[in-house]
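The lines below spell out each chain.
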Amino acid sequence: MRFRGNTQCASAVGLLLGLLCAVEAAKVNKHKPWIETTYHGIITENDDKVLLDPPLIALDKDAPLRYAESFEVTLTEEGEICGFRIHGQNVPFEAVVLDKSTGEGVIRAKDKMDCELQKEHTFTIQAYDCGEGPDGANMKKSHKATVHIQVNDINEYSPVFKEKTYKATVLEGKKYDSILKVEAVDADCSFQFSQICNYEIVTPDVPFTVDKDGFIKNTEKLNYGKERMYKLTVTAYDCGKNRASEDVLVKISVKPTCKPSWQGFSKRIEYEPGTGSLGLFPSMHLETCDEPITSIRASIELETNHIGKGCDRDTYSEKSLHTLCGASSGTVELLPAPSSSANWTVGLPTDNGHDSDQVFEFNGTQAIKVPEGMVNTNLKEPFTISVWMRHGPGAHEKETILCNSDKREMNRHHYSLYVHNCRLILLLRQDPSEAENYKPAEFHWKLDQACDKEWHHYVLNVEVPSVALFVDGTMFEPFLVTEDYPLHASKIETQLTIGACWQGGNARMAQFFRGNLAGLMIRSGKLENKKVIDCLYTCKEGLDVQLPEEVAAAVKVEFNPSQSSLTVEGDDIDAFDKVMQHISYLNSRQFPTPGIRHLRISTTVKCFNGESCVAVPDVEGYVMVLQPEEPKISLSGIDHFARSAAEFESQEGVTLFPELRIVSTITREVETDPESEVAEGADDDPTVQETVVSEEIMHNLDTCEVTVVGDELDGEHESLELDMSQLQQRGLVMGSSNLGLVITGVNSMANYEQLLHLIRYKNWHTEALFDRKFKLVCSELNGRYVSNDFKVEVNVIHTANPVEHANNAMMQPNFINPVHHASVDLSGHNLVNAHQASVVPSAATIVIVVCVSFLVFMIILGVFRIRAAHQRTMRDQESGKENEMDWDDSALTITVNPMETYEDQHSSEEEEEEEEEESEDGEEEDDITSAESESSEDEEGAEPEDQQGASRQQQLEWDDSTLTY
């Protein structure tokens, strides 16, 4: 029997029963279970049993008291331990109670443990009792104890070599302390089983041995005549005596008697564009055959003279390059790429073989005239002339690069730059208004660069009476300066020419130039500073070296200004080899010029006697710059839309490219895995399969041109406009003409996109305009990469005023005017002015015109209905032959009114008046449309007659005349 409460105890009679009730009433869950504060456990890998120290036991002071067996009384066991709870994230263990009364429990793994995944586990555990009564009320929890469990490793993995094959080369007749090192690794997690304790050469009877660290050496001197290559099989053991899962093959080649030379040099080195720096000699070392070396000197030359203008540089326009280098405004490009706005270089031969690096060729018979007003050089103010020139030894005649001379009557040269007998000469004649006294007039520089047939960059900073010349960034002083009187005053205009000098008295060119020119610029009012000059000349490709700290003091490295060659000097062979191994090729262009760059290494070695005791042959190779992935510049957006005439005539105008997007992508070919091809049941074709992958990239643009398609812009009533402040903020320049506008300058695609969004078209004479078409083209690197032609057509919506129609209908003299306007609006091409009518028609003429128009309209309507009925009959006959009913939507026509978005501006009263005149207007429109249909057939992109008529309706219509049921 069980006693539950004090009420039953109050009714008890016996002393013993009262005592028991008192004990039962006094039993409540007062105390928390108790466990140790820390446990340490060990579990073996691939097992689930955890050995804990100390054992997991929970104690509770509320444990029940036991009495004599003679009493058949069952007591509530509030002190029992009901369970353990583990705290932590993703703990792979669980705690189980073995005996509730004693509180004994165990911890075991939910799954088998893997030491390689995790060696140790830490979490907290908490015990809780069973509470009071059968529902477990007032349950108590112990404190949280920390449990640390370590996973013991088993030797389940075997050693694996890092390489599939090892190779080395040794010289005959020499014993090595170490030829090469083999290395294996073990995936076991413990130190004991993961360490490699021994290597062993399995191949018998070979003159080699391997130590416990994997170093292989020869036990005797090798003979090239006896054996040229040894093939060894090597295995490895871990400290648990597990042997390698697969032995490794070691190939040791024997070379004949030593010859001093560079070893480990690769003749062909491929450079992938956009990969940054590429090590040229990562495995190269100098073999000196144990000679007593005291010093080594090596010269490394990278030949880039055949690339562009002496090396790989950005092929932007020279004006853009000046801007990028920090030159401010005032720069005029005299040899621009031929375009609609700069056409004076059209007749010159160009060299486009270097990815649009604009180079002009002068063969001694060609010269060009620079348009008047392009250059305004006042000799009183400083100015700069810069040019790229390639010139070889020529005749003993003057060869003019740039000349400003009399346009007519006389042959006086005001200023000129020319080459004569490998001398560069600048002529500057004084202004006639100055005092007549001698002043410096000719500056002579004797330069080897002027006749070596190589590209050089020349900059002349002119500030009368001094001139500073920079050639390839290096300053040269003139060796001769001659003086002369000023020119006599005259009102004769001057002519600026390139490639020869204009003789106004003879009306012909003279002193022709023979060679190549590029980037000829004049900058008025300012001189170029040294920083800008160096920037203009600096190559985007060259040699580089990152000196290791441990050898920086032992080896001396020097570069030439263009970094196309460097010299390395030192006396420590090991340090020298490390420096050579860190020499790299670098091309910072995003789209470099592809092709070969030749490499040459010339070496001089000296011994103790100070003479060259070892002859090291020169080494030649080349860097192959691979073809960069060509970007595809795509322009997209809204290419056809309509706007009201009022918007064209407004102050803001109409935005041409409101949702333009400029995206550039490159296409890569990725080789597929041949193993996966076999697994998928591919053919046995051994050819490599390639997958084309397209990815979006970011780069700059340097030109965007908007041109008009069709008639040129009429400046009297239409224009293309762009906020100049927005251009200046981005450092861009805009040129405009009646053909459109051109934005030039190097900037990001995002900035160009923002600017193009702001281009507006205005027209102040829209009554004679139906549509306008424009074309947008953008390019990068001076036309090297060109986008698609993005064409936009914008239509003008002319809204009729119903009130004016009603008034005009009652006023006889002005009746003809709205008819003329309607003709202009509908055709869009036959531009008719209503005010050209000089004779007012009579009432009879008007009646005749209206009757004839109505008759023509009825005839056309009848023919149209007969033809539609005939087509419907033919389709019904064809559909009767089918076994089931099909839905044919090929002839379904939905006509949408482009003026629908603008109808909300009219009041309901205007709509009612338009409906009353609909029949009359329809007759006039049909007559005009049929009369003008022939003239619109020759126009590209003209709309069909039914679409033109539909665009004038006031609601969306459903045309079921050709629908087949």
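Predicted model only: the values in this text are computed from it and were never measured. Here the residue numbering is sequential within each chain, running from 1 through the sequence in written order. For this predicted model, a pLDDT threshold of at least 70 governs which residues receive local features, and a threshold of 80 or more governs which side-chain atom pairs are given and counted, while totals over whole chains, interfaces and linings are taken from all residues. With hydrogens and water set aside, each side-chain value is computed from the structure's full complement of heavy atoms.

**Comments concerning the pairing of strand E50 (residues 700-709)**
Then, number 1: Pairs of strands are assigned from DSSP output, requiring at least two bridges between the strands. In this text, helices come from DSSP runs of H or I with a minimum length of four residues, and strands from runs of E with a minimum of two, each type numbered from the N-terminal end. Judged from the seven bridges that link them, E50 and strand E53 (residues 740-748) form a sheet pairing that is antiparallel. What sits directly across from Glu705, in E53, is Val742.
Then, number 2: Inspection of the sheet shows E50 paired to strand E55 (residues 771-780) by seven bridges, in the antiparallel sense. Paired with Thr707 across the bridge in E55 is Lys775.

**Considering helix H10 (residues 749-757)**
Then, number 1: Of all the positions in H10, only Met749, Tyr752, Glu753, Leu755 and Leu756 are classed as buried. Looking down the long axis of H10, one finds its buried residues gathered within 165° of arc, a one-sided arrangement. Residue exposure (1.4 Å probe, protein chains only): buried if accessible area is under 20% of the type maximum, exposed if over 50%, otherwise partly exposed. Arc definition: directions from the helix axis to the C-beta atoms.

**Examining the state of the cysteines**
Then, number 1: Two cysteine sulfur atoms form a disulfide, by the criterion used here, when they sit within 2.5 Å. Evaluated as defined, the whole model comprises eight disulfides.
Then, number 2: The partner cysteine of Cys311 in its disulfide is Cys539, sulfur to sulfur 1.8 Å. In this structure, the disulfide formed by Cys311 and Cys539 twists by about -100° around the S-S bond and is classed as left-handed. Within this pair, whereas Cys311 is found in the loop between strand E22 (293-303) and helix H4 (318-324), its partner Cys539 is found in the loop between helix H5 (530-537) and strand E39 (541-545), the two being separated by 228 residues in sequence.

**Comments concerning the packing of aromatic side chains**
Then, number 1: What counts as a ring pair is set by centres within 6.5 Å for rings of Phe, Tyr and Trp (its six-membered ring), and what kind of pair is set by the plane angle: stacked under 30 degrees, edge-to-face over 60, tilted for all other angles. Applying the stated rule across the entire model yields 14 aromatic pairs.
Then, number 2: Ring plane angle 45° and centroid distance 6.3 Å describe the contact between Phe161 and Tyr199, whose orientation is recorded as tilted. Of this pair, Phe161 sits in strand E9 (residues 160-161) while Tyr199 sits in strand E13 (residues 196-201); the two residues are 38 residues apart in sequence, bridging distant segments of the chain.
Then, number 3: Judged by relative accessible area, Phe161 falls into the buried class, the value being 10%.
Then, number 4: Lysine NZ or arginine CZ positioned within 6 Å of the ring centre and within 35 degrees of the ring normal marks a charge as sitting over the ring. It is Arg313 that lies over the ring of Tyr537; its NZ or CZ is 5.1 Å from the centre.
Then, number 5: Just above the ring of Trp502 sits the side chain of Lys369; from NZ or CZ to the centre is 3.8 Å.

**Observations concerning the pattern of salt bridges**
Then, number 1: Throughout this description, the term salt bridge denotes a Lys or Arg side-chain nitrogen within 4 Å of a carboxyl oxygen of Asp or Glu. Applying the stated criterion across every chain yields a total of 23 salt bridges.
Then, number 2: Across the pair Arg597 and Asp312 runs a salt bridge, and its minimum N-O distance is 3.4 Å. You can see Arg597 sitting in strand E43 (residues 595-607) and its partner Asp312 sitting in the loop between E22 and H4, a full 285 residues away along the chain.
Then, number 3: Residue Arg597 is classed as buried on the basis of its relative accessible area of 0%.
Then, number 4: Among the residues examined, Asp312 registers a relative accessible area of 1% and is labelled buried.
Then, number 5: A salt bridge links Arg412 to Asp406, with the nearest nitrogen and oxygen atoms 2.8 Å apart. Just as Arg412 is buried, Asp406 falls in that class too.
Then, number 6: Salt bridges sharing common partners tie together Asp312, Glu541, Arg589 and Arg597.

**Describing the nonpolar core**
Grouped burial of nonpolar side chains is what soluble globular proteins tend to show.
Then, number 1: Grouped together as the largest cluster of nonpolar side chains are 47 residues, with contacts concentrated most on Phe657, Ile662, Leu720, Ile743, Leu756, Ile759 and Leu776.
Then, number 2: The residues that make up this core include at least three from each of domain 4 (318-537) and domain 5 (633-667 + 696-797).
Then, number 3: Once you skip the residues sitting within four places of it in the chain, Phe657 turns out to touch Val706, Leu756, His757, Ile759, Leu776, Phe790 and Val792.
Then, number 4: Think of a nonpolar core as a cluster: buried Ala, Val, Leu, Ile, Met, Phe, Trp, Tyr and Cys residues, connected wherever their side-chain atoms sit within 4.5 Å. Counting 40 residues, the second largest nonpolar core, distinct from the first, contains Ala342, Leu348, Ile368 and Leu402. Residue ranges assigned to the domains are those given by an automatic or database domain assignment. Residue contacts are defined here by distance: any two heavy atoms, one from each residue, within 4.5 Å place the two residues in contact.

**Quick look at unusual backbone geometry**
Then, number 1: Cis geometry marks the peptide bond from Asp53 to Pro54, where omega comes out at -5°.
Then, number 2: If you trace the backbone, Pro54 turns up in the loop between strand E2 (50-53) and strand E3 (56-57).
Then, number 3: Even without being glycine, Gln511 reaches a positive phi, approximately 55°.
Then, number 4: Structurally, Gln511 can be placed in the loop between strand E37 (508-510) and strand E38 (514-524).
Then, number 5: Phi is positive for Gln563, close to 55°, though the residue is something other than glycine.
Then, number 6: Topologically, Gln563 is positioned in the loop between strand E40 (555-559) and strand E41 (565-570).

**Overview of the sheet that holds strand E10 (residues 165-171)**
The strands making up a sheet associate through backbone hydrogen bonding, with each pair oriented either parallel or antiparallel.
Then, number 1: With mixed pairing, four strands are arranged side by side in an open sheet as E10-E17-E16-E13. Single-partner strands in this sheet number two, and they are E10 and E13. Strand-to-strand twist in this sheet, taken as the mean axis angle between neighbours without regard to direction, amounts to 25°.
Then, number 2: Judged from the seven bridges that link them, E10 and strand E17 (residues 248-255) form a sheet pairing that is parallel. Bridge pairing links Val170 to Val254 in E17. With axes taken as lines fitted to C-alpha atoms, and helix axes fitted only over the stretch in contact, angles between N-to-C directions fall between 0 and 180 degrees.

**A closer look at the sheet that holds strand E20 (residues 277-279)**
Then, number 1: Reading across from one edge, E20-E42-E39 is the order of the three strands in this open sheet, with antiparallel pairing throughout. Looking along the sheet, the strands with just one partner apiece sit at the ends: E20 and E39. The average angle at which neighbouring strand axes cross in this sheet is 30°, direction not considered.
Then, number 2: Pairing geometry for E20 and strand E42 (residues 583-587), over three bridges, is antiparallel. By the bridge assignment, Gly279 is partnered in E42 with Ser584.

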